[in-house]
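So the chains spell out like this:
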Amino acid sequence: MKAIELQNPGGIDHLRMVERPMPAPGRQEMIIKVNATALNYRDVEIVRGNYHTVFPLPLVPLSDGVGDVVAVGPEVSRFKVGDRVCGTFWQRWVGGSFAMAEPSYQRGGPIDGLLSEFARLDEQAAVLAPTHLSDVEAATLPCAAVTAWHALFTEGHLKPGETVLSLGTGGVSLFAVQFAAAAGARVIVTSSSDAKLERARQVGAHDCVNYSSDPDWSSAVMALTDGRGADHIIEVGGPQSFAQSLKAAARGAQINVIGYLGGSEGAINPLDIFRRQVRARGIPVGSRESFEAMNRALAVNRLRPVIDRVFPWGEATAAFHHLEHGSPFGKVVLDHTP
């Protein structure tokens, strides 16, 4: 089978199409024909060589994807040939707390990802793809969507009428907008682009703040909420934006730390956390239990992921460059079908 490997560290241009042996399913394993995969910023960092963990090479990238089951091994009971499934990011985190997640079993590093024609999945590390979604749409779910769901519902217990502040218009942020709006929450979105903010309104945002024209965006959020602040914050910017997220937080708010697109350097005043009694937590994607709950909500509400651009999977290098420099609105996807 064909696969795309990262063969040397330090650059997107080190991705190479190679021939690999066709995988065979072991006990409680299955083989899927990969139909589509999706990129995350984690994948870009791994390929560039500046991710916080170094993985052995060669490595097949990408944790996110969907495919059809074409073979099953002994004792497989959760799936059958012909089922369409998404793999999970954490291969052994079925449910419960993050203590159940094992770092050595992350898809796309250190375990080979799905950037290939076929892939072997443990039946415990997969879920049925929502039937109303196309392959391109379903491929986007395992990381970005599950992260947003896990933050707002599994950990956050979001309630109707609460206010969600979602920073930016990347994959996690837009899934958070859609989920929160469907749950009856008020949604505020930030971006440096008025055009993107208008598009965010179309997928569920109630209010928008342009942080380029209004650098003191936390004050704008406070004004929009009559001085109360946001109850749930999807924080993707890192230390540079975290200080303002604290200022935009309601008393007892929850700040979900997901990314560091603005860099990893910056100062945070812990008194701001104390004064507002804020709970700040890291969101490391989520469990299979969260994934399955999210899929039920997607099906009931007929929600569809926001897709920025689709590339043929053989053009993975161009897709990586697009995610790195193209400032996408939504997800970047690779189509594996002929």
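Every chain is numbered independently, its residues counted from 1 as its sequence is written. Under the rules for a predicted model, residues below a pLDDT of 70 receive no local features and side-chain atom pairs below 80 are neither given nor counted, while totals for whole chains, interfaces and linings still include all residues. Hydrogens and water are ignored here; the side-chain numbers use all heavy atoms of the structure.

Novice: Any chance you could break down the state of the cysteines for me, citing the residues and the numbers?
Specialist: Pairs of cysteine sulfur atoms within 2.5 Å are identified as disulfides in what follows. Applying the stated rule across the entire model yields 0 disulfides. Here C86 stays free of any disulfide, with the sulfur of C143 as its closest cysteine sulfur at 11 Å. Residue C86 is classed as buried on the basis of its relative accessible area, which comes to 0%. Think of it in three bands: with a 1.4 Å probe and only protein chains considered, a residue is buried below 20% of the maximum accessible area for its type, exposed above 50%, and partly exposed in between.

Novice: Please provide a residue-by-residue account of helix α1 (residues 41–48), values included.
Specialist: Comment: elements are numbered from the N terminus, with helices defined as DSSP H or I runs of at least four residues and strands as E runs of at least two. Within α1, 6 of the 8 residues are buried, which leaves it mostly tucked inside the rest of the structure. When we look at burial in α1, the residues that qualify are R42, D43, V44, E45, I46 and V47. Looking at the buried positions of α1, the neighbouring elements they touch are β1 (2–6), β2 (15–19), β3 (29–38) and α10 (316–325). Backbone geometry just downstream of α1 places G49 in the positive-phi region, at approximately 90°. Contacts between residues were defined by any pair of non-hydrogen atoms, one from each residue, lying within 4.5 Å.

Novice: Go over the packing of aromatic side chains, please, and point to the residues and values.
Specialist: When the centres of two rings from Phe, Tyr and Trp lie within 6.5 Å, Trp using its six-membered ring, the rings pair. Their planes under 30 degrees apart give stacked, over 60 give edge-to-face, and anything left gives tilted. Taken as a whole and judged by the stated rule, the model has 8 aromatic pairs. Between F89 and W90, the ring centres sit 5.3 Å apart and the planes meet at 90°, which makes this aromatic pair edge-to-face. Looking at F89, the relative accessible area reads 4%, which means it is buried. According to the relative accessible area criterion, W90 is buried, its value standing at 7%. Put simply, the rings of F89, W90, W93 and F98 touch in pairs and so form one group of aromatic residues. Between the NZ or CZ atom of R92 and the centre of the ring of Y105, over which it lies, the distance is 3.7 Å. Charges are assigned to positions over rings by a cutoff of 6 Å between ring centre and Lys NZ or Arg CZ, combined with an angular limit of 35 degrees from the ring normal.

Novice: Explain the pattern of salt bridges to me, using residue names and the numbers behind them.
Specialist: Any carboxyl oxygen of Asp or Glu that lies within 4 Å of a side-chain nitrogen of Lys or Arg is treated as forming a salt bridge with it. Applying the stated criterion across every chain yields a total of 14 salt bridges. Two residues, E75 and R27, come together in a salt bridge whose shortest N-O distance is 3.1 Å. Separated by 48 residues along the polypeptide, E75 in the loop between β4 (64–72) and β5 (84–87) and R27 in the loop between β2 and β3 bring together distant segments of the chain. Taking the relative accessible area as the measure of exposure, R27 reaches 53% and is therefore exposed. The salt bridge partner of D135 is R84, with a shortest N-O separation of 2.9 Å. Of this pair, D135 sits in helix α2 (residues 135–138) while R84 sits in strand β5, and the two are 51 residues apart along the sequence. A residue is classified by how much of its surface remains accessible, and R84, at 17% relative accessible area, is buried. One network of salt bridges, with partners in common, ties together E5, R20 and D112.

Novice: Which residues make up the packing of helix α3 (residues 141–155) against helix α9 (residues 288–301), and what values go with them?
Specialist: The angle between the axes and the distance between the axes are what describe a pair of packed helices. A fitted line through C-alpha atoms represents every axis, and for helices the fit uses only the stretch in contact; the resulting angles, taken between N-to-C directions, go from 0 to 180 degrees. Contact pair α3 / α9: the axes reach a minimum separation of 9 Å and the direction vectors enclose 90°. In terms of orientation, α3 and α9 fall into the roughly perpendicular class. Contacts from L141, P142, A145, V146, W149, H150 and T154 of α3 reach α9 at S290, F291, A293, M294, N295, A297 and L298. Its residues assigned to classes, the contact of α3 with α9 shows 10 nonpolar, 4 polar and no charged. Angle categories: roughly parallel below 35 degrees, roughly antiparallel above 145, roughly perpendicular from 65 to 115, and oblique for all the rest. Each residue gets one label: Ala, Val, Leu, Ile, Met, Phe, Trp, Tyr, Cys and Pro are nonpolar, Asp, Glu, Lys and Arg are charged, and the others, such as Gly, are polar.

Novice: Explain unusual backbone geometry to me, and be specific about the residues and the numbers.
Specialist: P58 follows L57 through a cis peptide bond whose omega is 5°. Omega for the bond connecting G109 with P110 falls within 30 degrees of zero, at 10°, which places this linkage in the cis form. Position of P110 among the secondary structure elements: in the loop between β5 and β6 (118–122). Phi angles above zero are rare outside glycine, and R302 is one such case at about 55°. With respect to the secondary-structure elements, R302 resides in the loop between α9 and β14 (307–312). On the accessibility criterion, R302 (52% relative accessible area) is exposed. Of note, the phi angle at S327 is positive, near 50°, even though the residue is not glycine.

Purely geometric stuff here, so don't read any function into it on its own.
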